[in-house]
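Each chain, letter by letter, is given below.
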Amino acid sequence: MSWLNGKTLTILGCGYVGTALATRALREGAQVSALTRNRDTGATLAALGCDVVVEDLASDAWHRDWAEGADAVVVCVGSGGPSLEEYRRSYVDGVASVQRWLRMLAEPPAAGIFTSSTSVYPQSDGVVVDERADTTDSSAHGAILREAENRWHTSTLARSVVLRLAGIYGPGRHQLLDQLRSGATEMRGGRQRLNLAHRDDVVSAILACLTADFPEGSRTYNIADGNPGPRDDVIAWLARRLGLPLPQLIESARRTGEPVRDRVISSAALQSDTRWCPLFPDFRAGYESILGQNDAVQPRISRNNTDGSGAESGANLA
């Protein structure tokens, strides 16, 4: 029997990952409360059987709706936009609101997870990056995420976890595929490696952390498949797989204007501590699973309500 059976789970920020997490939790017998700022997503979640609140996480308006708490809480809100102000409201102000909610509960959840991003790491030059890597030289967006992480670690939770997500892709979220299928003749390329994590592997990692027999305290883990390919190679493989001509590949900066990093994100600590292992160990396995199903039937989640920061190279471009 699943650990989730009979448990109550609150998911704050139900976009791409949050909706998938809610779907699996419901299937395994949990009672799920879900917060989203998108009304269409809220309607989808309600139809699935969630107790839904449509509200901005950074406000306190949602506190009155869930005054009894839950067995576990997962905060996987996405940024409302790319600006620093939008990042701060979504992440720092959002976590602060969650902390106020936790303090008002007679019995706070025993465990909680906050999803951050591997964009907090400034390293490049092909180095392997684990959770011990220095983040003091993070980009401006990464620094805001680190501030939110630090806040989360001070929450009134017996066990708190920060999960730093690599670029999320999966059913209904694969911009590289969409660009190729649309007949693009030019795409952003480069030799920097794309550190990716399939949506379903992110969900299974969240559940692995919720069910792990951790001692009390806080910890931080990376989530990535561990086998990143250069962006040029990923696009070329997809073009061949689709039987389409390879577009001209040009190097350019990310939409935030920050430099493109080249590194290998390690999830060895998460695998060692929880026995989690990615079902999709590289981009080929992940994209084959997408191409092997009717992706048109997958739910399309608003881009303004995505999960994770989307700031890691490739996170919004998979």
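Novice: Quick one: what's the story with the overall build of the chain, residue by residue and with numbers?
Specialist: A count of helices and strands for the chain gives nine helices and 15 strands. Each of the 318 residues in the chain was classed as buried or not, and the buried ones make up 58%. Considering only intrachain contacts with a sequence separation of at least 6, the fraction spanning at least 24 residues in the chain is 80%. Accessible surface, the chain as shown: approximately 12,900 Å² in total, 46% of it carbon and sulfur.

Novice: How would you explain the pattern of salt bridges if you had to name every residue and give the values?
Specialist: Oppositely charged side chains are able to pair whenever their charged atoms sit close together. Within this structure, the stated rule accounts for eleven salt bridges. We note a salt bridge from Glu-28 to Arg-24, for which the minimum N-O separation is 2.8 Å. A relative accessible area of 21% places Glu-28 in the partly exposed class. In this structure, the salt-bridge partner of Arg-132 is Asp-130, at a minimum N-O distance of 2.5 Å. Residue Arg-132 is classed as exposed on the basis of its relative accessible area of 74%. Residues joined by salt bridges that share partners form a network here, namely Arg-146, Glu-149 and Arg-164.

Novice: Could you give me a rundown of the pairing of strand S7 (residues 159-165), with the residues and numbers involved?
Specialist: S7 sits mainly inside the fold: seven of its seven residues count as buried. Of the two faces of S7, the one carrying Arg-159, Val-161, Leu-163 and Leu-165 and the one carrying Ser-160, Val-162 and Arg-164 are both buried. Pairing analysis gives seven bridges linking strand S5 (residues 111-117) to S7, with the strands arranged parallel. Bridging from a neighbouring strand, Thr-115 pairs with Leu-163 of S7.

Novice: I'd like a rundown of the packing of helix H1 (residues 16-27) against helix H6 (residues 199-211), residues and numbers included.
Specialist: Here H1 crosses H6 at 60°, and the two axes come no closer than 9 Å. In terms of their interaxial angle, H1 and H6 are classed as oblique. In terms of crossing hand, the pair formed by H1 and H6 is right-handed. Residue-level contacts link Tyr-16, Val-17, Ala-20, Leu-21 and Arg-24 of H1 to Arg-199, Val-202, Val-203, Ser-204, Ile-206 and Leu-207 of H6.

Novice: Please set out the packing of aromatic side chains residue by residue, giving values where relevant.
Specialist: Within the structure shown, the criterion is met by seven aromatic pairs. The interplanar angle of 85° and the centroid separation of 5.7 Å between the aromatic rings of Trp-237 and Phe-283 together place this pair among those described as edge-to-face. Of this pair, Trp-237 sits in helix H7 (residues 231-242) while Phe-283 is found in helix H9 (residues 283-291), placing the two residues 46 residues apart along the sequence. Like Phe-283, Trp-237 is buried. The cationic tip of Arg-219 hangs over the ring face of Phe-214; the distance from NZ or CZ to the ring centre is 4.4 Å.

Novice: I'd like a description of the nonpolar core, backed by residues and values.
Specialist: Residues Leu-163, Ile-206, Leu-210 and Ile-223 are the most contacted members of the largest nonpolar core, which totals 39 residues. Broken down by secondary-structure element, the contributors of at least two residues to this core are strand S1 (8-12), H1, strand S2 (31-36), strand S4 (72-75), S5, S7, H6 and strand S12 (217-223). For this core, the element with the most residues is H6, which contributes eight residues. In contact with Ile-223, other than residues within four places in its own chain, are Leu-163, Arg-164, Leu-165, Ala-166, Ala-197, Val-202, Ala-205, Ser-267, Leu-270 and Trp-276. Counting 31 residues, the second largest nonpolar core, distinct from the first, contains Trp-66, Leu-102, Ala-148 and Ile-265.

The rules behind the values
Every chain is numbered independently, its residues counted from 1 as its sequence is written. Given that this is a predicted model, residues contribute local features only at a pLDDT of at least 70 and side-chain atom pairs are listed and counted only at 80 or more, while totals for whole chains, interfaces and linings are drawn from all residues. Hydrogens and waters are ignored; side-chain quantities use all the structure's heavy atoms. Strands here mean DSSP runs of E at least two residues long; helices mean DSSP runs of H or I at least four residues long; both are numbered from the N terminus. Working definition: with a 1.4 Å probe on protein chains only, accessible area under 20% of the residue-type maximum means buried, over 50% means exposed, and in between means partly exposed. In what follows, a contact means two residues having at least one pair of non-hydrogen atoms within 4.5 Å. Accessible surface area values rest on a Shrake-Rupley calculation with a 1.4 Å probe, where residue burial reflects the displayed protein chains alone. We define a salt bridge as a side-chain nitrogen of Lys or Arg found within 4 Å of a carboxyl oxygen belonging to Asp or Glu. DSSP calls a pair of strands paired once it identifies at least 2 bridges connecting them. Structural elements are reduced to axes, namely lines fitted to C-alpha atoms, with helices fitted over the stretch in contact, and the angle between N-to-C directions of any two is expressed from 0 to 180 degrees. Put simply, angles under 35 degrees are roughly parallel, angles over 145 are roughly antiparallel, angles from 65 to 115 are roughly perpendicular, and the rest are oblique. Less than a right angle of anticlockwise turn of the near helix away from the far helix marks a crossing as left-handed, whereas a clockwise turn marks it as right-handed. Each Phe, Tyr or Trp ring (for Trp, its six-membered ring) is paired with any other whose centre lies within 6.5 Å, and the angle between the two planes then decides the class: stacked below 30 degrees, edge-to-face above 60, tilted in between. Over a ring means this: the NZ of a Lys or the CZ of an Arg is within 6 Å of the ring centre and within 35 degrees of the ring normal. To form a nonpolar core, buried Ala, Val, Leu, Ile, Met, Phe, Trp, Tyr and Cys residues must be joined to one another through side-chain atoms within 4.5 Å.

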